[in-house]
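These are the residues of each chain, in order.
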Amino acid sequence: MAGDDTGGPDPAWTDPSCPVARTVDLVGDRWSLLIVRDAMDGARSFTDFQQRTGIARNILTDRLRKLTARGLLAQVDAPSGRRRLYTLTDAGKDLFPVIVTLRQWGERHAFDQDEPRSVLVDDEGAPVPELLPAAANGSPLTADTTTVRRPG
């Protein structure tokens, strides 16, 4: 994904050969991920995002601009034609497993046992099962069973 925050040349990557680092460089701040989360949950207008997150208007303007420039959101005309709405691109939709995994980590580690929290459910109302990486043979993958192959 080329372009910096202004649509110019590639940004200075934190770690040019690491996909995790590049992803964090593109969407790693808290507001960007919450905007993507809310877009997945139906937010479309500037007002939708502002009301759901409570983010300051100037920061929201900046993040929406960056997410659009980075190809995660696109702007479309509202049916009324009076304003522009935001919609997730395919690249933005591809962040769904990331958002689900962050949610599930938070369910395990960021809440007390009996503390109330929202629940992600499928279209039949059942809680979404835990996402776990699996090897080609179906066995679970962990940090202990994988390694990173670096280029060169």
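Colleague: Describe the overall build of the protein chain, and please don't skip the residues or the numbers.
Modeller: When its secondary structure is counted, the protein chain shows 6 helices and 2 strands. Counting only C-alpha atoms and orienting by the principal axes, one finds that the protein chain spans roughly 50 × 45 × 25 Å. A burial count over the protein chain gives 26% of its 152 residues as buried. Contacts in the protein chain between residues at least 24 apart in sequence constitute 39% of all its contacts with a sequence separation of at least 6. Total accessible area computed for the protein chain in this model is approximately 10600 Å², and 53% of it derives from carbon and sulfur atoms. If the 19 positive side-chain charges of the protein chain are averaged to one point and the 22 negative ones to another, these points end up 6 Å apart.

Colleague: Any chance you could break down the pattern of salt bridges for me, citing the residues and the numbers?
Modeller: Pairs can form between side chains of opposite charge whenever their charged atoms are close. According to the stated counting rule, one finds 9 salt bridges in the structure shown. The closest approach of N and O atoms between arginine 65 and aspartate 62, which form a salt bridge, is 2.7 Å. Remark: aspartate 62 and arginine 65 occur in helix α4 (residues 57-69); sequence separation between them is 3 residues, near one turn of the helix. Taking the relative accessible area as the measure of exposure, arginine 65 reaches 41% and is therefore partly exposed.

Colleague: Could you give an account of the pairing of strand β2 (residues 84-88), with specific residues and numbers?
Modeller: For a regular strand, side-chain orientation follows a simple rule: the groups alternate between the two sheet faces. As judged from the 5 bridges shared by strand β1 (residues 73-77) and β2, these two strands associate in the antiparallel manner. Across the sheet, alanine 74 pairs through a bridge with threonine 87, a residue of β2. From the end of β1 to the start of β2, which pair antiparallel, there are 6 residues, and glycine 81 there has a positive phi angle of about 75 degrees.

Rules of the game
Residues numbered from 1 in each chain as written. Predicted model: local features only at pLDDT ≥ 70, side-chain atom pairs only at ≥ 80, totals over all residues. Heavy atoms only, no water. Helix = DSSP H or I, 4+ residues; strand = E, 2+ residues; numbered from the N terminus. Buried < 20%, exposed > 50% of the residue type's maximum accessible area, 1.4 Å probe, protein only. Contact = heavy atoms within 4.5 Å. Areas by Shrake-Rupley, 256 points an atom, 1.4 Å probe, with all protein chains shown as cover. Lys, Arg positive; Asp, Glu negative; His and termini not counted. Charge placed at Lys NZ, Arg CZ, Asp CG, Glu CD. Salt bridge = Lys/Arg side-chain N within 4 Å of Asp/Glu carboxyl O. Pairing = 2+ DSSP bridges.

Read these as geometric descriptors, not functional statements.
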